[in-house]
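# Secondary and tertiary structure notes
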Amino acid sequence: MTPSPDTSAVIDVADRLFTAIENGDGAAVNSLWSADIAVWRPGARRDDDKERALRVIDWFIGATTERRYEILDRQVFDGPTVRGFVQQHILHATGHAGQSISLRVCIVIKVGPDNLINRIDEYFDPAGIGPLLD
């Protein structure tokens, strides 16, 4: 079965996002996010705006020397009013001192009609990034 154009666009956005993070390309991540993106992550009292969310991405890229996503499952949703994807993955990363993490994550990403990401809800155990904070 051939994906619809909207489904193909969502898959392309997903692939580009995770490739950008793996490659440490914060500018590419920025270009995939809408100006009014809202990002929720564990421990947050409210959604992060684009500026704050990009600081988190920049911190993660700066704190690691290698990043790799092991995608366990990705489901695209393409409804009449909202489209995007849900993905389960394991984020493997290595810090500058050689410490490593393997963080299991579930992420829900919504993509606007302009093919920019406008909402991210990310679910993981924050203790899993502890080794990068040492």
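The following paragraphs examine the structure supplied in this document. (Residues numbered from 1 in each chain as written. Predicted model: local features only at pLDDT ≥ 70, side-chain atom pairs only at ≥ 80, totals over all residues. Heavy atoms only, no water.)

Quick look at the overall build of the chain now. Of the regular secondary structure elements, the chain holds four helices and five strands. Sequence-ordered secondary structure for the chain, helices as α and strands as β, is α-α-β-α-β-β-β-β-α. On C-alpha atoms alone, the chain measures out to a radius of gyration of 15 Å, which is about the 14 Å that the 2.2 N^0.38 rule sets for 134 residues. Each principal axis of the C-alpha atoms in the chain carries an extent, and together these give about 45 × 30 × 25 Å. Accessible surface computed for the chain: about 7400 Å², of which carbon and sulfur atoms make up 51%. Counting 14 positive and 20 negative side-chain charges, the chain places the averaged centre of each group 4 Å from the other. (Helix = DSSP H or I, 4+ residues; strand = E, 2+ residues; numbered from the N terminus. Rg over C-alpha atoms; globule rule 2.2 N^0.38 Å. Areas by Shrake-Rupley, 256 points an atom, 1.4 Å probe, with all protein chains shown as cover. Lys, Arg positive; Asp, Glu negative; His and termini not counted. Charge placed at Lys NZ, Arg CZ, Asp CG, Glu CD.)

Under the counting rule described, the total for this entry stands at six salt bridges. As a salt-bridge pair, D48 and R41 come within 2.9 Å of each other at their nearest N and O atoms. Residues D48 and R41 agree in their burial class; the two are buried. (Salt bridge = Lys/Arg side-chain N within 4 Å of Asp/Glu carboxyl O. Buried < 20%, exposed > 50% of the residue type's maximum accessible area, 1.4 Å probe, protein only.)

Spatially, β1-β5-β4-β3-β2 is the arrangement adopted by the five strands of the open sheet, whose pairing is mixed. The open sheet terminates on both sides in strands that have one partner only, identified here as β1 (33-40) and β2 (64-78). Each neighbouring strand pair of the sheet contributes to a mean axis angle of 25°, computed without reference to strand direction. Across 13 bridges, β2 lies against strand β3 (residues 83-95) in antiparallel orientation. Directly across from F77, in β3, lies its bridge partner G84. (Pairing = 2+ DSSP bridges. Axes fitted to C-alpha atoms, helices over the stretch in contact; angles between N-to-C directions.)

Structurally, H89 can be placed in strand β3. Among the polar contacts listed, one links the side chain of H89 to the side chain of Q87, at a separation of 2.9 Å. (Polar contact = N/O pair within 3.5 Å; in protein donor to acceptor, adjacent residues only side chain to side chain.)

Looking now at the environment of C106. If you trace the backbone, C106 turns up in strand β4 (residues 100-111). Judged by relative accessible area, which is 25%, C106 ranks as partly exposed. Remark: the alpha-carbon pair of C106 and I11, spanning 95 residues in sequence, is separated by 16 Å. The residues contacting C106, other than those within four sequence positions of it, are V86, Q87, Q88, D121, E122 and Y123. (Contact = heavy atoms within 4.5 Å.)

Turning our attention to the nonpolar core. Judged by nonpolar contacts, the single largest core of 31 residues is most densely connected at L17, V29, W33, I109, I117 and I120. Elements that contribute at least two residues to this core include exactly α1 (5-22), α2 (26-32), β1, α3 (50-63), β3, β4 and β5 (117-123). Tallying contributions element by element places α1 first for this core, with seven residues. Once residues within four sequence positions are removed from consideration, L17 is found in contact with V29, L32, W33, I109 and I117. (Core = buried A, V, L, I, M, F, W, Y, C linked by side-chain atoms within 4.5 Å.)

So, to be careful, I would describe these as geometric facts and stop short of saying anything about function.
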